[in-house]
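Architecture at a glance
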Amino acid sequence: MAAAVGRVLRLGGRWSAAAAGGLGAQTLRLIYTTTAVQRKNVGASGPEKYTEAFIKKQIEEFNLGKRHLANMMGEDPETFTQEDIDRAIAYLFPSGLFDKQARPMMKHPSEIFPEQRKIQWGEDGRPFHFLFYTGKQSYYSLMHETYEKLLSVQKYQDQLTAQDLPPEKEKRNLAGSRWLTKIELEEMLLEKLSDNDYLRFIQLLQKLMTLPCGDMEEKYIQKFTKEVPAQLQKVVIEPLKYDERGVAFSTSEGIRKTAKATATVYDNGTGKVTVNGIDILHYFPVLQDREQLLFPFQFLDRVGKHDMICTVSGGGRSAQAGAIRLASAKALRSFVTEREVEFMRQAGLLTVDPRVKERKKPGQEGARRKFTWKKR
């Protein structure tokens with residue numbers, strides 16, 4: 001029973017007899033340590049593992065351990081599902097670890113030992129892949145493939161340059177997508193990667209994407225990106241309004257700390273901004289505050305195309321600039337497309353800044369600062 005579950009159950013540390021309570025020595029031996037399989041690199045662990053006979057033996061031991069676990073919980077072993085196993089493990093071995101992968105678990109061998117590993121070695125015990133002894137054959141194969149595509153794109157660019165046909169560089173924007181995370185790339189390659197390995201691969205993809213003819217491999221690059229789902233379904237953007245002169249405008253509100261602002265953005269303007277009836281240069285003499293206020297217009301490349309009239313109250317100058325920035329960004333949504341609104345959301349222009357001054361604590365000099373300790 002110890003061998004049946006000990007190989008398919010992964011724990012974050014060792015269990016003592018006190019921690020096991022009244023489960024008994026036999027159950028304690030069942031779940032006793034972290035399996036070495038999860039710690040070692042799967043690809044470099046050796047040809048004697050992950051054969052058909054090995055997987056078959058692991059499945060038999062898993063079924064035996066599942067039957068014992070069902071009997072301990074008073075359930076029918078024939079109808080004991082994976083969800084029942086997870087509940088039983090959580091009940092017998094409660095864990096407060098934040099990372100779920102570090103908690104005790106018992107999974108089917110097919111989920112722990114990938115199927116691709118069974119065909120890596122021939123009948124003579126030799127590995128098939130020439131990069132096997134690197135320990136990360138899938139990763140280095142991917143790096144080789146990506147670098148070959150990079151060289152082919154560069155070669156095509158050189159041919160165009162030799163024919164005096166400079167390629168037109170197309171500006172690609174990944175604001176609506178993201179690169180695969182390290183964990184997602186590990187699941188794709190079925191190998192453990194270090195932070196440097198992941199960083200080198202992403203840098204190689206970025207170099208390929210920034211080439212003038214990099215769109216040739218656009219489908220290949222998309223394999224390692226994921227679309228970021230839009231979250232605009234619950235946001236209702238008010239339509240443009242028109243004044244007596246027929247000029248389109250939009251009004252919105254924003255807050256920052258204790259400051260509250262209302263901004264009205266007019267179309268077909270000259271870039272004039274007034275705050276409480278005062279020009280922006282006189283109301284915000286600090287350059288940083290003016291840059292903060294005008295950043296939504298700069299982000300959308302609309303500096304000098306709109307006029308804005310603001311009213312603000314409460315807070316200091318920095319908080320007022322933040323409130324006007326949020327109000328103007330919300331008002332600009334009526335002038336741009338949904339795609340640009342999504343870019344604004346991802347850049348944080350439509351999110352309220354929740355930071356406030358931290359309160360002073362009793363028995364302390366400030367929010368974090370302590371009084372100077374004196375022995376006497």
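1. Brief notes about helix H14 (residues 317-332)
- Look at H14: 22 Å from first C-alpha to last across 16 residues, which is about the 22 Å you get at 1.5 Å a residue.
- The element H14 is extensively covered by neighbouring structure, given that 13 of its 16 residues are classed as buried.

2. Some points on the nonpolar core
- By size, the foremost hydrophobic cluster in this structure holds 29 residues, and its most contacted members are Val265, Val275, Phe284, Leu293, Met308, Ile324 and Met344.
- For this core, the leading source of residues is H14, giving eight residues.
- Apart from residues lying up to four places away in sequence, Leu293 is in contact with Val273, Ile280, Phe284, Met308, Ala321, Ile324, Arg325 and Ser328.
- Leu205, Met209, Leu211 and Tyr220 belong to the second largest nonpolar core, which has 23 residues in total.

3. Digging into the sheet that holds strand E5 (residues 241-242)
- The sheet built from six strands is open, its strands ordered E5-E6-E7-E10-E8-E9 with mixed pairing. Here the strands that pair on one side only, and so sit at the sheet edges, are E5 and strand E9 (278-279).
- In terms of strand pairing, strand E7 (residues 259-266) meets strand E10 (residues 307-313) through seven bridges, oriented antiparallel. Within E10, the residue paired with Ala261 across the bridge is Val312.
- Packing of H14 onto the sheet brings it into contact with strand E6 (248-256), E7, strand E8 (273-275) and E10, and relative to E6 it is tilted by some 140°.

4. Thoughts on the packing of aromatic side chains
- Applying the stated rule across the entire model yields seven aromatic pairs.
- Note on Tyr220 and Phe224: the rings are 5.3 Å apart at their centroids and 70° apart in plane angle, and the pair reads as edge-to-face.
- Residue classification places Tyr220 among the buried residues on the basis of a relative accessible area of 5%.
- By relative accessible area, which is 2% here, Phe224 ends up buried.
- Site record: aromatic cluster; members linked through ring pairs are Phe201, Tyr220 and Phe224.
- Lys149 extends its terminal NZ or CZ atom over the ring of Tyr220, reaching a point 4.9 Å from the ring centre.
- Here Arg317 stacks its cationic end above the ring of Tyr283, 4.0 Å away from the centre of that ring.

Definitions and cut-offs
Residues numbered from 1 in each chain as written. Predicted model: local features only at pLDDT ≥ 70, side-chain atom pairs only at ≥ 80, totals over all residues. Heavy atoms only, no water. Helix = DSSP H or I, 4+ residues; strand = E, 2+ residues; numbered from the N terminus. Expected span 1.5 Å × (residues − 1). Buried < 20%, exposed > 50% of the residue type's maximum accessible area, 1.4 Å probe, protein only. Core = buried A, V, L, I, M, F, W, Y, C linked by side-chain atoms within 4.5 Å. Contact = heavy atoms within 4.5 Å. Pairing = 2+ DSSP bridges. Axes fitted to C-alpha atoms, helices over the stretch in contact; angles between N-to-C directions. Phe/Tyr/Trp six-rings, centres within 6.5 Å; stacked < 30°, edge-to-face > 60°. Lys NZ or Arg CZ within 6 Å of the ring centre and 35° of its normal.

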